[in-house]
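What the coordinates show
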Amino acid sequence: DLAANPAAVGFPVHHPPMASFLGVPIVMGDVLYGTLSLTNRRDGDGFTTDDAELVDTLAAVAAAAIDKARQHETSLRRQRWLEATSELTAKLLGGAPTSRVHDLIARRARELTEAATATLVLRDGDELQVVAAAGRAADALDNERFAVAGSLPEQAMSRGSAVVIDDISALDQHVLPVTAVGGYGPVIIVPLCVSGEAFATLVVARDKDTAPFTADE
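Residues numbered from 1 in each chain as written. Predicted model: local features only at pLDDT ≥ 70, side-chain atom pairs only at ≥ 80, totals over all residues. Heavy atoms only, no water.

Points about the overall build of the protein chain
- The number of helices and strands found in the protein chain is five helices and eight strands.
- For 217 residues, the compact-globule formula gives about 17 Å, and the C-alpha radius of gyration of the protein chain, at 24 Å, lies well above that figure.
- Structurally, the protein chain occupies a C-alpha span of about 75 × 35 × 30 Å along its principal axes.
- Taken over 217 residues, the protein chain has a buried fraction of 32%.
- Taking the intrachain contacts of the protein chain between residues at least 6 apart in sequence as the baseline, contacts between residues at least 24 apart amount to 44%. (Helix = DSSP H or I, 4+ residues; strand = E, 2+ residues; numbered from the N terminus. Rg over C-alpha atoms; globule rule 2.2 N^0.38 Å. Buried < 20%, exposed > 50% of the residue type's maximum accessible area, 1.4 Å probe, protein only. Contact = heavy atoms within 4.5 Å.)

The following block contains the structure:
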């Protein structure tokens, strides 16, 4: 009797009444993809051990299918990144203007991460300058200057590794240009390095209340 169980919380307000309940995890290895839940067995009785074993088997099949789909998606994403890298290399070797290369980096990064906005930020003394912007608010962000000290790009460049933020709106507005524009949530700031020295960052940002970036991204 689910209604009598104190753990029965988190269901939608207008969910149909539930009595008997059977829930199993959809899990592959140590990765939990979700749950498979059944309620109200049609004969009015409670679910049996046989029911649980059957649903558990179905959940295992579902987990395998989801895992395979995720692996395929990851493979396609990496292929798109390789194509973008090849395109950038061709532009550089072909002598394309630096501004065009900057724009291409920002545009491809935004597309491949399904971000709302991407910016390329170069260090210029004690300041950082947005030299390319793609996506929402691109015009407002392009050529924007802000202080290096205390900024997230400074943090990424000093660490030499990516800084990942799940909700940039919770931070001070001066740490990154996109925070001054507003409406963003998940953000990745990646340093660009030559011979071990960082000179710029690539910033991709998604709208607030959207999915955070994954480890693969």
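On we go.
Quick look at the sheet that holds strand 4 (residues 127–135)
- Sheet architecture is open: six strands sit in the order 5-4-3-8-7-6, paired in antiparallel fashion. The open sheet has two free edges, formed respectively by strand 5 (145–147) and strand 6 (163–165), since each of these has just one partner strand. Across the sheet, the axes of successive neighbouring strands diverge by a mean angle of 25°, strand direction being ignored.
- Examined bridge by bridge, strand 3 (residues 117–124) and strand 8 (residues 197–207) share six bridges and lie antiparallel to one another. Each residue of the ladder has a partner; that of Thr117, found in strand 8, is Ala205.
- Packing against the sheet, helix 2 (residues 98–113) makes contact with strand 3, strand 4 and strand 8, and its axis sits at approximately 60° to strand 4.
- Contacting strand 3, strand 4, strand 5, strand 6, strand 7 (184–194) and strand 8, helix 4 (residues 152–159) crosses the sheet at an angle of about 130° to strand 8. (Pairing = 2+ DSSP bridges. Axes fitted to C-alpha atoms, helices over the stretch in contact; angles between N-to-C directions.)

Looking at the packing of helix 1 (residues 49–93) against helix 2
- Their axes nearest at 10 Å, the elements helix 1 and helix 2 cross at an angle of 175°. Judged by the inter-axis angle, helix 1 sits roughly antiparallel to helix 2. Here helix 1 contributes Arg80, Trp81, Ala84, Glu87, Leu88, Lys91 and Leu92 to the contact with helix 2, which in turn contributes Arg100, Val101, Leu104, Ile105, Arg108, Ala109, Leu112 and Thr113.
- Of the residues contributing to the contact of helix 1 with helix 2, the split by class is nine nonpolar, one polar and five charged. (Parallel < 35°, antiparallel > 145°, perpendicular 65-115°, else oblique. Nonpolar A, V, L, I, M, F, W, Y, C, P; charged D, E, K, R; others polar.)

Description of unusual backbone geometry
- With phi around 60°, Asn40 is a residue other than glycine that occupies positive phi space.
- Mapped onto the elements, Asn40 comes out in the loop between strand 2 (31–39) and helix 1.
- Judged by relative accessible area, Asn40 falls into the partly exposed class, the value being 34%.
- With a phi angle near 55°, Glu114 is a residue other than glycine that sits in the positive phi range.
- You can see Glu114 is positioned in the loop between helix 2 and strand 3.
- A residue is classified by how much of its surface remains accessible, and Glu114, at 63% relative accessible area, is exposed.

A look at the side chain of Arg77
- The residue Arg77 is located in helix 1 in this model.
- Apart from the residues lying within four places of it in its own chain, the contact partners of Arg77 are Asp216 and Glu217.

A word on helix 1
- The end-to-end C-alpha distance of helix 1 is 66 Å, a good match for the 66 Å that 45 residues give at a rise of 1.5 Å each.
- Buried residues in helix 1 make contact with strand 1 (21–28), strand 2 and helix 2.
- Note on helix 1: the residue one or two positions beyond its end, Gly95, has a positive phi of about 75°. (Expected span 1.5 Å × (residues − 1).)

Everything listed here is a matter of geometry and, on its own, says nothing about what the molecule does.
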